[in-house]
Amino acid sequence: MPLSEDLKELYQKVILDHSRSPRNQGQFSADSCVHIHSDNPSCGDEIDLYIRFNEDGSISDIKFEGQGCAISQASASMMTEKVKGIPRQEVLQLIQDLQHTVLGNGEVRSSGTLGELQLLEGIQKFPQRIKCALLGWRGLERALYSAKLT
Amino acid sequence: MIDLSHLRADFPILHQQVNGQPLVYFDNAASSQKPRAVIDSLVHYYENDNANVHRGLHALSNRATDAFELARDKVARFIGAGSPDELIFTRGTTESINLVANIWASEFLKPGDIILYTGMEHHSNLVPWQLAAQKSGASVKHIPVLEDGTLDLENIDALLTEQVKLFTCVHVSNSLGTINPVKELCTKCRVLGINTLIDGAQAVGHMSVNVQDIGCDFYVFSGHKMCAPTGIGGLYGRAEVLAKMPPWHGGGEMINLVTLETSTYKAAPARFEAGTPDIAGVIGLGAAIDYLETIGIDRIHEHGAALTRYAMQRLTELPGIRILGPTTADRGSLTAFHLACAHPHDLVEFANTHGLALRGGHHCTQPLMKRFQIPGSSRASFYFYNTSTEIDRMMEILHRAVTFFS
């Protein structure tokens, strides 16, 4: 009974490591950040993002808290490591590329910069888990648009 | 443990591989599999007797009507109803509860009244009552659940106040496996004039159920969890209570006389069965009962209990496991647990790649998950065609999962 290759691809060592030891956990005081809550009601997964923006719209710091499956938590953890200090436009591009990567459709423009996020590709074979992988990213997208309005 | 493994031959679906591994189907509390006899009954009906019921004067309609009403007799007898007229066919447990929460409630619930339910109800036995309360100005209260997964009945007499008009309770919990003392509770309520509804979704077809012995006013269940097709289920209503309830859907079959101004209605069960029913589903439900009775409902219960005991005993091998629900011998044929190292969805995903069908999540009992402070649980639920060898196989997979995720 060998472990299936698909399963190993879904739960790569890096992903399991992020889920066991999530990076950038915690929050900032409410008046110093944008707080966005995201959840998947059908499975109960939750991600709370706390984001500080620079004046140019780039992210100066980001933390998260959440509960849920390994995929949702690891993906959010990897996201927080990736997006600090990157220009806003590039983060938006990254969100799109990440979506293309897990959905397995469309062109990934910044493939060179996806880095270990490329590992989330394995989710393509588990369509019911796509919403887990994208939970934190959808929150980030909303935060970026709400930050623009302020 | 009694050996019922020969019955697996009756279930075509069980003999397949999933992800290259033999299927182990442990999601019976969500829906059971169907034996050849039930599948054949549907084919036979559509190939030989298909016609609308109760209205035709031709041979096919007569045959369809006979088969339909014969099934009603079987179901009524199977759950111990006093008469087939007390058995209304619905789409299942959810629709049955909604019928009562709309129609009974519209007649009997007034502002200030209380609906009492428990902290271990399925969402389908919470939400309809919350809606009914909003509409009528009544309110809802609940009986808390103790750490061991049983109801906290210490203050039950204080909870059953004069304002309580309806008490409802799950017979066998789909998340904990608890078998609730429904007879005692219904007896108390009857003395106080409180109407009662028991959710038997996990009980009928798994253990002997006698609604008259329980003494409830309503008892609801689904066919698809007891070998029958999806989309058919039942509502038992005590004749005296049904007689006081206004119609539900208006339409054909439920009327005596219709004029352009007004109409008069039939008595139960026709009063609550407007339109063409799921005739094939009802016939399939009858065939399922025939099938279950050839095995014997007590043997089915005994086997389910034995499998559950064995599974719960073996699950304790896993490090960091928390098993939910009572540890007593008398419980429903399912066990739910939480592993410290893996979220239920990851565990169920892992199991699926090994051909093992478990259920992971909140099981439509979010208040219960909150009560036990867990995001969800993994559940293995059994039926008579499952074997201890399959539980051994589950344990092999779960041990691997623990190694993988730790």
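Our structure's up above, just so we're on the same page.
None of these values were measured; they are calculated from a predicted model.

*Asks:* How would you explain the overall build of chain B if you had to name every residue and give the values?
*Replies:* Each helix and strand counted, chain B has 13 helices and 17 strands in total. Since a compact globule built from 406 residues should have a radius of gyration of about 22 Å, the 22 Å found for chain B is in line with a globular shape. With respect to the principal axes defined by its C-alpha atoms, chain B has extents near 70 × 55 × 30 Å. In chain B, which comprises 406 residues, the share counted as buried stands at 58%. Look at the contacts in chain B between residues 6 or more apart in sequence, and 71% of them connect residues 24 or more apart. Charge centroids of chain B, computed over 32 positive and 41 negative side chains, lie 3 Å from each other.

*Asks:* Let's hear about the interface of chain A and chain B: which residues, and what values?
*Replies:* Contact with chain A, which involves 21 residues of that partner, is made by 18 residues of chain B. When chain A packs against chain B, close to 1600 Å² is buried across both sides, 58% of that on carbon and sulfur atoms. For Glu349 of chain B, the salt bridge identified is with Arg129 of chain A, shortest N-O distance 2.7 Å. Secondary structure elements with two or more residues in the side of chain A that touches chain B: α1 (5-10), α2 (13-20) and α3 (70-83) of chain A. Of the residues belonging to the side of chain A that touches chain B, the class tally is 13 nonpolar, 5 polar and 3 charged.

*Asks:* If you had to explain the packing of α2 of chain A against α3 of chain A to someone new, which residues and values would you point to?
*Replies:* Residue and element names in this part refer to chain A. Across the interface, α2 lies against α3 with an axial gap of 8 Å and an inter-helix angle of 90°. By the angle class used here, α2 and α3 are roughly perpendicular. Of the residues in α3, those touching α2 at Val14, Ile15, His18 and Ser19 are Ala70, Ile71, Ala74, Ser77, Met78 and Glu81. Considered class by class, the residues forming the contact of α2 with α3 number 6 nonpolar, 3 polar and 1 charged.

*Asks:* Any details on the environment of Ile47 of chain A? Residues and values, ideally.
*Replies:* Residues and elements named next belong to chain A. By secondary structure assignment, the location of Ile47 is in strand β2 (residues 45-53). Between the alpha carbons of Ile47 and Ala133 there is a distance of 11 Å; along the sequence they are 86 residues apart. Leave out the neighbours within four places in its chain, and Ile47 touches Ile36, His37, Ser38, Phe64, Glu65, Gly66, Ser72, Gln73, Ala76, Leu135 and Gly136.

*Asks:* Summarise the pairing of strand β8 (residues 195-199) of chain B; cite the residues concerned and give the values.
*Replies:* Residue and element names in this part refer to chain B. Here β8 lies mainly inside the structure; 5 of its 5 residues are buried. Neither face of β8 is open: one carries Asn195, Leu197 and Asp199, the other Thr196 and Ile198, and all of them are buried. In this sheet, β8 lies alongside strand β7 (residues 164-170) in parallel orientation, the contact comprising 5 bridges. Within β8, the residue paired with Val170 across the bridge is Asp199. Viewed along the sheet, the connection from β7 through helix α6 (residues 182-192) into β8 turns out right-handed. As judged from the 3 bridges shared by β8 and strand β9 (residues 218-222), these two strands associate in the parallel manner. Directly across from Asp199, in β9, lies its bridge partner Val220.

*Asks:* Got a sec to walk through the packing of aromatic side chains? Specific residues and values, please.
*Replies:* Enumeration over the complete set of coordinates arrives at 16 aromatic pairs over all chains. Between Phe384 of chain B and Tyr385 of chain B, the aromatic rings sit 5.2 Å apart at their centres with planes inclined by 70°, giving edge-to-face as the arrangement. Across the pair, exposure class does not vary: Phe384 of chain B and Tyr385 of chain B are buried alike. Put simply, the rings of Phe11, Tyr291, Tyr383, Phe384 and Tyr385 of chain B touch in pairs and so form one group of aromatic residues. Above the ring of Phe28 of chain A, the side-chain terminus of Arg52 of chain A is found at 4.1 Å from the ring centroid. Taking NZ or CZ as reference, Arg371 of chain B lies 4.7 Å from the ring centre of Phe372 of chain B, over its face.

The rules behind each value
- Residues numbered from 1 in each chain as written.
- Chains lettered and ligands numbered in written order.
- Predicted model: local features only at pLDDT ≥ 70, side-chain atom pairs only at ≥ 80, totals over all residues.
- Heavy atoms only, no water.
- Helix = DSSP H or I, 4+ residues; strand = E, 2+ residues; numbered from the N terminus.
- Rg over C-alpha atoms; globule rule 2.2 N^0.38 Å.
- Buried < 20%, exposed > 50% of the residue type's maximum accessible area, 1.4 Å probe, protein only.
- Contact = heavy atoms within 4.5 Å.
- Lys, Arg positive; Asp, Glu negative; His and termini not counted.
- Charge placed at Lys NZ, Arg CZ, Asp CG, Glu CD.
- Buried area = accessible area lost by both parts, 1.4 Å probe.
- Salt bridge = Lys/Arg side-chain N within 4 Å of Asp/Glu carboxyl O.
- Nonpolar A, V, L, I, M, F, W, Y, C, P; charged D, E, K, R; others polar.
- Axes fitted to C-alpha atoms, helices over the stretch in contact; angles between N-to-C directions.
- Parallel < 35°, antiparallel > 145°, perpendicular 65-115°, else oblique.
- Pairing = 2+ DSSP bridges.
- Right-handed = clockwise from strand over helix to strand, strands pointing away.
- Phe/Tyr/Trp six-rings, centres within 6.5 Å; stacked < 30°, edge-to-face > 60°.
- Lys NZ or Arg CZ within 6 Å of the ring centre and 35° of its normal.

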